[in-house]
Amino acid sequence: LPERIEHFHSLVPLDTAQQNSQTPFGYPSWVYKAISVNDGKAYALRRFEGYRLTSERAVRNIQAWKRIVSGSIVTIHDVFTTRAFGDSSLIFVTDYHPLSTTLAQHHFGAGSHFQPRQTGQISEKVLWSYIVQIASALKIIHNTGLAVRLIEPSKILLTSKNRIRLNACGVLDVIQFDSQTSIAELQQDDLMQLGRLVLSLAVNNIQAMHNPTRFIEHLSRIHSPELRECILWLLNSPTPQNFKGIDSFLANISGHVITSFNSVLHSEDNMTTMLSRELENGRLVRLLVKLGFIADRPEFDHDPQWSESGDRYFLKLFRDHVFHAVDANGNPVLDLGHVLTCLNKLDVGIDERLQLESADEQTLLFVSYRELKRRLQDVFQELVVASQRSYG
Ligand SMILES: Nc1ncnc2c1ncn2[C@@H]1O[C@H](COP(=O)(O)OP(=O)(O)OP(=O)(O)O)[C@@H](O)[C@H]1O
Ligand SMILES: [Mg+2]
């Protein structure tokens with residue numbers, strides 16, 4: 001593989017605990033935040049120390065992983081080897097999710113510097129949401145002919161409230177590329193691992209990952225029969241008569257899939273409403289910025305009177321009309337409604353006419369919003385052209 005570490009700068013380590021080779025991967029691993037020189041964006045680099053790539057076949061699956069688009073996995077962009085760290089390292093380039101933690105850190109306080117953010121019982125609602133999110137990733141991954149191979153709390157990233165993503169996908173495909181296990185078995189194992197994960201979260205004990213049977217009996221005390229059934233289904237070994245696949249799993253939990261789907265629609269509606277409100281704010285801010293560039297500018301084009309004459313004078317009086325209104329006694333009128341109405345009319349450029357008056361009441365101008373809008377655009381354009389001139 002070509003060396004591509006020089007495409008990244010400003011590496012910041014994200015691991016808080018010292019690493020040893022007792023990681024799930026068998027190699028010490030570090031995660032760094034890094035900035036790409038190609039697009040200026042932040043990426044997460046996962047480095048495996050001491051890994052030697054012995055065969056191009058090892059990275060064969062990465063092409064398929066790169067094409068997987070799912071909101072429930074951390075997207076993979078690239079993989080390469082490098083000697084830049086003074087050893088032979090394997091690097092995975094993935095999306096960087098700011099302010100994220102792992103489920104291990106969040107629920108179990110893993111890593112010596114961490115207290116669990118959230119201790120105690122995880123609500124069943126959150127558990128079902130986790131299940132649905134991972135199941136939706138498994139659906140895409142298994143249908144592509146791949147398997148996650150590693151589903152455990154430290155390899156699931158919590159990127160915002162209750163939003164999770166499978167992390168480190170594709171890693172074992174490279175590191176254990178010569179494993180003899182068939183993809184069908186690996187996919188079955190994904191479901192088993194999901195069962196152990198959900199169990200350990202449900203009983204709030206990470207030991208359940210390694211020793212599930214000991215903890216199953218705790219389940220019925222704290223959780224619904226439905227969740228218990230779901231976990232048992234995942235944990236049961238498949239038999240030739242009873243092939244376990246992601247499709248049958250999804251069919252079993254379809255009620256919860258619909259619940260999640262509905263809440264996603266609901267929050268998308270909220271988001272759209274909020275965004276359209278912000279869009280309106282954005283338009284008004286742009287208008288204000290333009291007015292600010294123009295009104296009261298001390299000198300332009302060697303003309304000290306520039307902002308006091310021509311189109312600019314209309315705009316200055318308009319600015320006064322919007323912001324400097326006074327009542328009959330000369331007291332300031334601070335009416336946000338008036339400001340928004342005027343700015344919106346200007347933004348649209350309606351035909352309504354308004355009367356602009358100078359502070360000394362010597363000048364009276366009649367002008368339509370449409371005309372004001374045109375003047376604003378022209379004058380702003382004039383400034384834009386001049387600013388580009390000075391940048392050369
Ligand atoms: N794609 C990413 N974007 C942002 N932060 C990440 C990303 N991947 C990992 N992190 C953060 O980097 C830290 C280390 O991640 P890592 O997967 O190594 O977990 P770990 O707890 O150190 O587990 P392990 O013992 O397997 O190394 C975690 O705090 C995690 O939140
Ligand atoms: Mg780590």
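This text goes with the structure placed above it.
On a predicted model such as this, the values are computed, not experimentally measured, just so you know.

**Regarding a nonpolar patch on the surface**
Together, Ile 258, Phe 261 and Leu 265 make up an exposed nonpolar region whose accessible area comes to about 280 Å². Structurally, Phe 261 is set in helix α9 (residues 254-294). Judged by its relative accessible area of 47%, Phe 261 falls in the partly exposed class.

**Quick notes on helix α3 (residues 124-143)**
Taking 1.5 Å per residue as the helical rise, α3 with its 20 residues ought to reach 28 Å, and the 28 Å between its terminal C-alpha atoms agrees with that figure. Residue Gly 145 follows α3 closely and has a positive phi angle near 85°.

**Considerations on the sheet that holds strand β6 (residues 101-102)**
One key point about sheets: their strands pair by backbone hydrogen bonds, in either a parallel or an antiparallel sense. Across the sheet, three strands lie side by side as β6-β7-β8; this open sheet has antiparallel pairing. Since the sheet does not close on itself, it has two edges, and those belong to β6 and β8 (163-166), each with one partner. Pairing geometry for strand β7 (residues 156-160) and β8, over four bridges, is antiparallel. Bridged to Leu 158 within β8 is Ile 164.

**What to know about the environment of Ser 267**
Note that Ser 267 resides in helix α9. Each C-alpha atom of the pair Ser 267 and Tyr 51 lies 43 Å from the other, and the pair is 216 residues apart in sequence.

**Considerations on the site of ligand 1**
Taken together, 21 residues surround ligand 1, and among them Asp 15, Arg 46, Asp 95, Gln 105 and Lys 155 come closest. In the model, an oxygen atom of ligand 1 is placed 2.7 Å from a nitrogen or oxygen of the Lys 155 side chain. Within the residue set of the shell around ligand 1, elements represented by two or more residues are β2 (29-36), β3 (42-49), β5 (89-95) and β6. Its residues assigned to classes, the shell around ligand 1 comprises seven nonpolar, 10 polar and four charged.

**As for the packing of α9 against helix α11 (residues 336-348)**
Interhelical geometry of α9 versus α11 gives an angle of 90° and a closest axis separation of 10 Å. If you check the angle between α9 and α11, you find them roughly perpendicular. Every residue of α11 that contacts α9 at Arg 283, Leu 284, Leu 287, Leu 288 and Leu 291 is listed here: Leu 340, Leu 343, Asn 344, Leu 346 and Asp 347. Counted by class, the contact of α9 with α11 contains seven nonpolar, one polar and two charged residues.

**Points about the environment of Leu 227**
Tracing the chain through its elements places Leu 227 in helix α7 (residues 225-235). Exposure remark for Leu 227: the relative accessible area of 0% places this residue in the buried category. In this structure the C-alpha to C-alpha distance between Leu 227 and Leu 14, which are 213 residues apart in sequence, comes to 34 Å. Apart from residues no more than four positions distant in its own chain, Leu 227 is found in contact with Glu 124, Leu 127, Trp 128, Ile 131, Val 198 and Ala 202.

**Overview of the side chain of Ser 307**
Examined against the element boundaries, Ser 307 turns out to sit in the loop between α9 and α10 (310-323). A distance of 2.9 Å separates a polar side-chain atom of Ser 307 from the backbone oxygen of Arg 297. Setting aside its immediate chain neighbours within four residues, Ser 307 contacts Ile 294, Asp 296, Arg 297, Arg 312, Tyr 313 and Lys 316.

**Quick word on the nonpolar core**
Counting 65 residues, the largest nonpolar core has Trp 65, Ile 141, Leu 166, Leu 199 and Phe 249 as the members making the most contacts within it. The residues touching Trp 65, leaving out its near neighbours within four places in the chain, are Ile 73, Ile 76, Ile 141, Leu 146, Ala 147, Val 148, Cys 169, Gly 170 and Asp 173. The next biggest cluster of nonpolar side chains, apart from the first, holds 26 residues, and it includes Phe 318, Leu 343, Leu 376 and Ala 386.

**Digging into the state of the cysteines**
Under the criterion given, the structure shown has zero disulfides. Cys 169 carries a free sulfur, and the closest cysteine sulfur to it, the one in Cys 230, is 20 Å from it. Note on Cys 230: relative accessible area 7%, which makes it buried.

**Focus: the sheet that holds strand β4 (residues 76-82)**
Here we have five strands laid out as an open sheet, ordered β1-β2-β3-β5-β4, and antiparallel in their pairing. Both outer strands of the open sheet, β1 (8-13) and β4, are each paired with one neighbouring strand and no more. The mean inter-strand angle of the sheet, taken between neighbouring strand axes irrespective of direction, is 30°. As judged from the six bridges shared by β4 and β5, these two strands associate in the antiparallel manner. Bridge pairing in β5 places Asp 78 opposite Val 93.

**Some details on the packing of aromatic side chains**
Any pair of aromatic rings gets described here by the distance separating the centres and the angle formed by the planes. Applying the stated criterion to the full structure yields 10 aromatic pairs. Pairing Phe 25 with Phe 48 gives two aromatic rings, centres 4.9 Å apart and planes at 75°, and the pair type is edge-to-face. One end of the pair, Phe 25, is in the loop between β1 and β2; the other, Phe 48, is in strand β3, with 23 residues separating them in the sequence. Neither residue differs from the other here; Phe 25 and Phe 48 are each classed as buried. Linked through ring pairs, Phe 8, Tyr 43 and Phe 80 together constitute an aromatic cluster. Residue placement shows Lys 244 over the ring face of Trp 233; its charged tip is 5.4 Å from the ring centre.

Rules used throughout
Residues numbered from 1 in each chain as written. Chains lettered and ligands numbered in written order. Predicted model: local features only at pLDDT ≥ 70, side-chain atom pairs only at ≥ 80, totals over all residues. Heavy atoms only, no water. Patch = residues over 30% accessible without salt bridge, like charges linked within 9 Å, V, L, I, M, F, W, Y side chains within 5 Å. Areas by Shrake-Rupley, 256 points an atom, 1.4 Å probe, with all protein chains shown as cover. Salt bridge = Lys/Arg side-chain N within 4 Å of Asp/Glu carboxyl O. Helix = DSSP H or I, 4+ residues; strand = E, 2+ residues; numbered from the N terminus. Buried < 20%, exposed > 50% of the residue type's maximum accessible area, 1.4 Å probe, protein only. Expected span 1.5 Å × (residues − 1). Pairing = 2+ DSSP bridges. Near = heavy atom within 4 Å. Polar contact = N/O pair within 3.5 Å; in protein donor to acceptor, adjacent residues only side chain to side chain. Nonpolar A, V, L, I, M, F, W, Y, C, P; charged D, E, K, R; others polar. Axes fitted to C-alpha atoms, helices over the stretch in contact; angles between N-to-C directions. Parallel < 35°, antiparallel > 145°, perpendicular 65-115°, else oblique. Contact = heavy atoms within 4.5 Å. Core = buried A, V, L, I, M, F, W, Y, C linked by side-chain atoms within 4.5 Å. Disulfide = S-S within 2.5 Å. Phe/Tyr/Trp six-rings, centres within 6.5 Å; stacked < 30°, edge-to-face > 60°. Lys NZ or Arg CZ within 6 Å of the ring centre and 35° of its normal.

Coordinates in, geometry out; function isn't part of it.
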